[in-house]
Amino acid sequence: MLKRVIGLLGSVIVLTSACSGDGPSPSPEAARTAPPAPDVPTALTDQWSLSGVTLPPEFDLAGARGFRTADAGAETDGFRRASWQLVGDRLATLWRDDAGAEYVTLVDLDGAPIWHTQLPELLDPAGDQPLQPILNRIPTTEGPDWLVVTNIGSQTPTGPLATRVLTLNADTGELVLDFTLPTTRVSVVPGVDSLSLAVLDEEYLTFHTLLVDLQTGEQQRFDNPEVDTGDIAYLDSVTGFLEGEPIYTRGCTYIRDATPAADACPQLGLVYDGQQYDSESDLLLLPRVLLGTEAGQRLLADRPEGLRVDLPCRMGFSLVPESPNGRYVVVGSNLVDLRTNTTVCTEDSLWWTALDDDGRGWGRQEGTMTLRVTYDAATRSTTTVAVPGAASPLAITRDHQGVFGVTTDDTDVLLLAPRALHQ
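Here is a short report on the structure shown in this document. It should be emphasised that the depicted structure is a prediction, and the values quoted were computed from it without experimental measurement.

A complete count under the given rule lists 11 salt bridges for this structure. The shortest N-O distance in the salt bridge between aspartate 337 and arginine 327 comes to 2.8 Å. Here aspartate 337 is found in strand 21 (residues 334-337), whereas its partner arginine 327 is found in the loop between helix 3 (294-302) and strand 20 (328-331), with 10 residues between them in sequence. Here aspartate 337 matches arginine 327 in class, with each residue buried. Where arginine 419 meets aspartate 358, a salt bridge forms, and the shortest distance between an N and an O atom there is 2.9 Å. Residue arginine 419 is located in the segment after strand 29 (411-418), and its partner aspartate 358 is located in the loop between strand 23 (350-355) and strand 24 (360-365); the two are separated by 61 residues in the primary sequence. When its relative accessible area of 22% is taken as the criterion, arginine 419 is described as partly exposed.

Looking down a regular strand, the side chains alternate between one sheet face and the other. With six of seven residues buried, strand 10 (residues 175-181) lies mostly within the body of the structure. Where strand 9 (residues 162-169) folds back onto strand 10 in an antiparallel hairpin, the turn is made up of five residues, including glycine 173, whose phi is positive at roughly 80°.

The next thing to look at is the state of the cysteines. Cysteine pairs can be linked by a disulfide, which is a covalent bond between their two sulfur atoms. Using the criterion set out here, one finds one disulfide in the structure. Covalent S-S linkage joins cysteine 313 and cysteine 345, the inter-sulfur distance amounting to 2.1 Å. Negative torsions about the S-S bond denote left-handed disulfides, and the value of about -90° found for cysteine 313 with cysteine 345 makes this one left-handed. With cysteine 313 in the loop between helix 3 and strand 20 and cysteine 345 in strand 22 (residues 342-345), the pair connects residues that are 32 residues apart, well separated along the chain.

Turning to the side chain of arginine 68, a few remarks are in order. As for its placement among the helices and strands, arginine 68 is situated in strand 2 (residues 65-68). Only 3.3 Å separates the side chain of arginine 68 from the backbone oxygen of arginine 96, close enough to count as a polar contact.

Further remarks concern the sheet that holds strand 21. The three strands lie next to each other as 20-21-22, forming an open sheet whose pairing is antiparallel. In this open sheet, the two edge strands, each paired with only one partner strand, are strand 20 and strand 22. Taken pair by pair, the neighbouring strands of this sheet meet at an average axis angle of 25°, ignoring direction.

About the cut-offs
Residues numbered from 1 in each chain as written. Predicted model: local features only at pLDDT ≥ 70, side-chain atom pairs only at ≥ 80, totals over all residues. Heavy atoms only, no water. Salt bridge = Lys/Arg side-chain N within 4 Å of Asp/Glu carboxyl O. Helix = DSSP H or I, 4+ residues; strand = E, 2+ residues; numbered from the N terminus. Buried < 20%, exposed > 50% of the residue type's maximum accessible area, 1.4 Å probe, protein only. Pairing = 2+ DSSP bridges. Disulfide = S-S within 2.5 Å. Polar contact = N/O pair within 3.5 Å; in protein donor to acceptor, adjacent residues only side chain to side chain. Axes fitted to C-alpha atoms, helices over the stretch in contact; angles between N-to-C directions.

Purely spatial values, then, with no claim about function.
Okay, here's the thing in structure tokens:
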């Protein structure tokens, strides 16, 4: 029986132009954490004005604490955690000081600093669609988590575009890998226990995937093969890794005219270790969309035999919100109760942003109006109430604080607001 699953969630699409580089290698900065820089912002009220910021009444704005971040994600949809990550009972933020230097800072949820690492000088955002540095997390089944900084830009205003990737040990802040991607276009995919790069060959319009060793930077290449059965042509695309081996999604790309029902491609399947599976549940003991969550990691640790969860409702491509203690997980329109192994279908137009373990969640209607969601596990139903003008929390912490992204005075701020005592 399979005991350990390598995750398949959390891809970050980045487009780059050609650049030089010999692939990942240990950073020259490895084994050294930069000394703390002065004036790390901690209290929002000491640094920025809160005028114009409205939170749902469940949260205490007066007791809020804020941290500068490169992108608070206040105006985006599911891909909102661009420069911050919750790591258990800690918060990591990627931010830039007034002099232009970038840092990753890890703090306890009460604001006490744990470590503070200055990054080497990053590339200047450039190109038609410049992208600020972003921060992702790689959860692990054993050992410390990792943080991944992806930076797109150029070393000079007119120089070629490149993508730079740095990894840090989430326990110590140690900078381990620092490399530039020698590709034109790439999707950087932080999985569970793994970092992979889906690389597009622009000449042939084909992808291959590089699996990067988090300790050494060594790359393994996996091509996406074509399979021709005579009647139907398939393309096998790497969709993740299980025990270090690729899992391919098999999709129909061409049906010859002589084939009956030539207008219908067969249902997608999975291929692993030379064997084809009809569905993900036949191969994976836990649906792949849960693997990148804290809840998924706990389930893998607590129930190695696996847990089958039906996902009958509409699927989505946003991040997967989960409750602080991992009882509930939202996947698209599926509200999954992992304690009872049941699923509630919610409104397709509701974009979930955060939920708690006590039967309350938050989201947006078509990405705009903030909604408070109440869900009843007994009746397997949800109700929504609009909260006009209020920011929607992007996560709920284990100590019941709401995480909000706000912009004040052209500065992106990540706001931690405690739940009000009367709630």
